[in-house]
Amino acid sequence: MSKKSELKKQIEESELEIESLEKKRNRSQSALLQAFMKKEEPSAADKEYYQVYSELIELERQNLQKLKTELNKL
């Protein structure tokens, strides 16, 4: 497989991974918002999930940007 097509495949996989992580983060975000609306303290697990997924999304976005930059150089 050529380098260009391999990069395109990796970009597509990265975009799908970001979408998946965002869906998971939205679930914990909903739990945080619900606790806020009820004026309750959100659970530590919900806070941790939100932070972890946010960090993973950021890392994957950086990876995606790197792949796109590499593709544009070809």
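Scroll up for the structure.
All figures in this text were calculated on a predicted structure; none of them were measured in a lab.

A. How the structure looks around the overall build of the chain. When you go through the chain residue by residue, the secondary structure sums to two helices and zero strands. Projected onto its principal axes, the C-alpha coordinates of the chain cover approximately 55 × 15 × 15 Å. Looking at the chain as a whole, 23% of its 74 residues qualify as buried. Sequence separation of 24 or more characterises 74% of the internal contacts of the chain that already satisfy a separation of 6 or more. Entry remark: accessible area of the chain is about 5800 Å², with carbon and sulfur atoms responsible for 51%. Positive and negative charge centroids in the chain, built from 15 and 15 side chains respectively, lie 4 Å apart.

B. Representation of the nonpolar core within the structure. The biggest cluster of nonpolar side chains holds six residues, and these are L7, I11, I18, L64, L67 and L71. Elements with a minimum of two residues in this core: α1 (3–37) and α2 (44–73).

C. The packing of α1 against α2, seen in detail. Look at α1 against α2: their axes get within 9 Å of each other, and the N-to-C directions meet at 160°. In this view, α1 runs roughly antiparallel relative to α2, as classed from their interaxial angle. Remark: the crossing between α1 and α2 carries left-handed chirality. Looking at side-chain class alone, the contact of α1 with α2 contains 14 nonpolar, six polar and 14 charged residues.

D. Looking closely at the side chain of R25. You can see R25 is positioned in helix α1. An unpaired buried charge is present at R25: no salt bridge exists, and E22, the closest side chain of opposite charge, is 4.7 Å distant. In terms of polar contacts, R25 uses its side chain to reach the side chain of S54, at 3.3 Å.

E. Broad picture of the pattern of salt bridges. Per the stated rule, a full pass over the model turns up five salt bridges. Ionic pairing is found between K68 and E15, a salt bridge with its closest N-O pair at 3.8 Å. One end of the pair, K68, is in helix α2; the other, E15, is in helix α1, and 53 residues separate them in sequence. E22 serves as the salt-bridge partner of R61, at 2.5 Å between the closest nitrogen and oxygen.

The rules behind each value
Residues numbered from 1 in each chain as written. Predicted model: local features only at pLDDT ≥ 70, side-chain atom pairs only at ≥ 80, totals over all residues. Heavy atoms only, no water. Helix = DSSP H or I, 4+ residues; strand = E, 2+ residues; numbered from the N terminus. Buried < 20%, exposed > 50% of the residue type's maximum accessible area, 1.4 Å probe, protein only. Contact = heavy atoms within 4.5 Å. Areas by Shrake-Rupley, 256 points an atom, 1.4 Å probe, with all protein chains shown as cover. Lys, Arg positive; Asp, Glu negative; His and termini not counted. Charge placed at Lys NZ, Arg CZ, Asp CG, Glu CD. Core = buried A, V, L, I, M, F, W, Y, C linked by side-chain atoms within 4.5 Å. Axes fitted to C-alpha atoms, helices over the stretch in contact; angles between N-to-C directions. Parallel < 35°, antiparallel > 145°, perpendicular 65-115°, else oblique. Left-handed = near helix turned anticlockwise from the far one by under 90°. Nonpolar A, V, L, I, M, F, W, Y, C, P; charged D, E, K, R; others polar. Salt bridge = Lys/Arg side-chain N within 4 Å of Asp/Glu carboxyl O. Polar contact = N/O pair within 3.5 Å; in protein donor to acceptor, adjacent residues only side chain to side chain.

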